[in-house]
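Okay, here's what each chain looks like letter by letter:
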Amino acid sequence: MPVAPGSRVTRLELFYDLIFVFAFLNVTGLVSRHLDPLGLLAGAVVLALLWWCWTGFVALGNAVRADHGILPLIGFATMAAVFVLALAMPQAFVDRPGDLSGPAVFAVCYLAVRALTVGALWFVFSATDQPRRRLWLLTLPAVVAAGLIGLAAFTPLWLHDGGVAARVRLGLWLAALIVEYGAGILLPYTAWSVVSAGHFAERHGLIVLIALGESVLGLGIGPGRFADLTLTAPVIIAGVLGIGLISALWWLHFDTLALAIEQAMHGTRDRVRIPFARDVYTYLHLAIIIGIMFTALGLKVVLEVVAAPGDHRSGGAVTTLYGGVVLFLLAGVAAMLRTFHRVRRSTLVAVVVITGLAVVAVRVPVLVALGLLVAACLVLALVQRLTGVAERTRIRELTLHEEEASEAEISRWRRGHL
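Conventions we followed
Residues numbered from 1 in each chain as written. Predicted model: local features only at pLDDT ≥ 70, side-chain atom pairs only at ≥ 80, totals over all residues. Heavy atoms only, no water. Helix = DSSP H or I, 4+ residues; strand = E, 2+ residues; numbered from the N terminus. Buried < 20%, exposed > 50% of the residue type's maximum accessible area, 1.4 Å probe, protein only. Contact = heavy atoms within 4.5 Å. Areas by Shrake-Rupley, 256 points an atom, 1.4 Å probe, with all protein chains shown as cover. 1 Å grid on protein atoms, 1.4 Å probe; cavity = no way out; pocket = protein on both sides within 12 Å on 5 of 7 lines; lining within 4 Å. Points joined across faces, edges and corners; volume = space filled by probe spheres on them. Nonpolar A, V, L, I, M, F, W, Y, C, P; charged D, E, K, R; others polar. Expected span 1.5 Å × (residues − 1). Phe/Tyr/Trp six-rings, centres within 6.5 Å; stacked < 30°, edge-to-face > 60°. Patch = residues over 30% accessible without salt bridge, like charges linked within 9 Å, V, L, I, M, F, W, Y side chains within 5 Å. Salt bridge = Lys/Arg side-chain N within 4 Å of Asp/Glu carboxyl O. Lys, Arg positive; Asp, Glu negative; His and termini not counted. Charge placed at Lys NZ, Arg CZ, Asp CG, Glu CD. Axes fitted to C-alpha atoms, helices over the stretch in contact; angles between N-to-C directions. Parallel < 35°, antiparallel > 145°, perpendicular 65-115°, else oblique. Domains from an automatic or database assignment. Core = buried A, V, L, I, M, F, W, Y, C linked by side-chain atoms within 4.5 Å.

(A) Layout of the overall build of the protein chain. Looking only at helices and strands, one finds 14 helices and zero strands in the protein chain. Relative to its 418 residues, the protein chain shows a buried fraction of 51%. Expressed as a percentage of contacts within the protein chain between residues at least 6 apart in sequence, the contacts between residues at least 24 apart total 81%. Carbon and sulfur atoms make up 69% of the accessible area of the protein chain, which amounts to about 18,900 Å² in all.

Okay, structure coming up:
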């Protein structure tokens, strides 16, 4: 069943997103074992590949209702493949003796997810009599990328050095990433379109919200299992500061920025909407998600350091934490620049301040470093709340009026039919 321009996210799609964010969160477990530049790069690559799988599912749900026909079956199969992929993630780069080949399991699951999504897109777009050339433009990049991922799984067969094999595997994954994201340039020339701007914006807003929620879970299980948690004052303080940081990130994204971008999305029409959706939602929201996941990773390691006896300093944890927040803020700046061709100076100033604080933060206990970061983010949220009052009021009033009009229309329909 095709979606209507006013369609919103279904409960089934939200259910799918829980599995994807579980996979996103598992990236933090992959990276936490190797908290160095190469490990962070590997985590970002894996996250970007998962994100592209998710965006294909979003495009499908924006064309046809995800809870009708055979789409639920495709969705459940995709969930199973993503879940196994997430389980294989800790061994995605290294083949552990005695187990199934982690890289091979990861590759097979990735191939399955892409095959299910592309097959469903073919089924949907073939029914609309779209030219075959356009369908192949959607398919070929996925086939090439899947081939590269499959090749990466068999690098140990021709490279006997495990370290070299891991780097070659990462290089092949990077190549697959370039192919997949480079295909986004072709979107205006394919059959793809954004039928419902509300559905597209809401889906991306929900995935950000769920990612922030998973960060809370990561924060809670950071120091170990609940039964083994060291209950000390520093652990409690770190937990409260972590919640404060996550809350500040929520405010900075959802108070006005997400609402304003969605309203701009509704104001675009026809082919102009496609590159707008690609740039702001598909590409820049990936940077937002990576920023959240790196922040969650930093919080996880900070709590582990605080809960352990000894010197509570960790340059890697602090760098990851601050870097994640900076990336999150810069992605918001880029989204506003792409949408409105202007930026909020307060956010840029905050980025400079947080970057400067990072130089000091790596030399002090992690609890102090976390407190400095939380203070900077809360000050930024307060400044943005107190400035641009007229613009904020306009954006939020438009959202409120839209919600009231939608609720009134739904109430009228229910009175006549239920």
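(B) Local environment of empty space enclosed by the protein. One pass over the full model with this rule turns up five cavities of 30 Å³ or more. The computed volume of the second largest cavity comes to approximately 50 Å³. The wall of the second largest cavity is formed by Trp 251, Leu 252, Asp 255, Thr 256, Arg 344, Gln 384 and Arg 392. Class assignment for the residues of the lining of the second largest cavity results in two nonpolar, two polar and three charged.

(C) Focus on helix H14 (residues 389-417). For H14, spanning 29 residues, the distance from its first C-alpha to its last is 42 Å, which sits close to the expected 42 Å at 1.5 Å a residue. If you check which residues of H14 are buried, you get Arg 392, Ile 395 and Thr 399. If you follow the buried residues of H14, they end up packed against helix H8 (233-254), helix H9 (257-267) and helix H13 (366-386).

(D) Quick look at the packing of aromatic side chains. Taken as a whole, this structure holds twelve aromatic pairs when the rule is applied. Measuring from centroid to centroid gives 4.7 Å for Phe 106 and Trp 173, while their planes differ by 20 degrees, and the two rings are stacked. Of this pair, Phe 106 sits in helix H4 (residues 102-126) while Trp 173 sits in helix H6 (residues 162-182), and the two are 67 residues apart along the sequence. Side by side, Phe 106 and Trp 173 carry an identical accessibility label, which is buried. Between Phe 200 and Tyr 281, the ring centres sit 5.7 Å apart and the planes meet at 85 degrees, which makes this aromatic pair edge-to-face. On the criterion of sequence distance, the pair formed by Phe 200 in helix H7 (residues 197-220) and Tyr 281 in helix H10 (residues 273-307) is long-range, its members being 81 residues apart.

(E) A look at a negative patch on the surface. On the surface, a cluster of negative charge is made up of Glu 402, Glu 403, Glu 404 and Glu 407. The topology assignment puts Glu 403 in helix H14.

(F) Main features of the packing of helix H12 (residues 345-361) against H13. Between H12 and H13, the least distance of the axes is 10 Å, while the angle of their chain directions is 170 degrees. One element, H12, and the other, H13, form an angle in the roughly antiparallel class. Residue-level contacts link Ser 346, Thr 347, Ala 350, Ile 354, Leu 357 and Ala 361 of H12 to Ala 369, Leu 372, Leu 373, Ala 376, Cys 377, Leu 380, Val 383 and Gln 384 of H13. Its residues assigned to classes, the contact of H12 with H13 comprises eleven nonpolar, three polar and no charged.

(G) Representation of the layout of surface pockets within the structure. Taken as a whole, the largest pocket encloses approximately 1,100 Å³ of empty space. Taken together, 32 residues form the lining of the largest pocket, with Arg 8, Glu 202, Glu 262, Glu 402 and Glu 403 sitting closest to its centre. For the lining of the largest pocket, the elements supplying multiple residues, two or more each, are H7, H8, H9, H10 and H14. The dominant element in the lining of the largest pocket, judged by the number of residues it contributes, is H14, at ten residues. In terms of residue class, the lining of the largest pocket is built from 13 nonpolar, ten polar and nine charged. A domain split of the lining of the largest pocket shows at least three residues from each of domain 1 (1-192) and domain 2 (197-417).

(H) Local environment of the nonpolar core. Within the largest apolar cluster, 124 residues are counted, with the highest numbers of intra-cluster contacts made by Phe 24, Leu 245, Ile 289 and Ile 354. A total of 21 residues in this core trace back to one element, the largest contributor, which is H10. Residues contacting Ile 354, with those up to four places away along its chain left out, are Tyr 322, Val 325, Val 326, Leu 329, Leu 373, Ala 376 and Cys 377.

(I) How the structure looks around the packing of H7 against H8. Contact geometry of H7 with H8 gives a least axis separation of 10 Å together with a crossing angle of 175 degrees. In this view, H7 runs roughly antiparallel relative to H8, as classed from their interaxial angle. Facing H7, whose interface residues are Gly 205, Val 208, Leu 209, Leu 212, Ser 215, Val 216 and Leu 219, H8 presents Gly 239, Gly 242, Ile 243, Ile 246, Leu 249, Trp 250, His 253 and Phe 254. When its residues are assigned to classes, the contact of H7 with H8 shows ten nonpolar, five polar and no charged.

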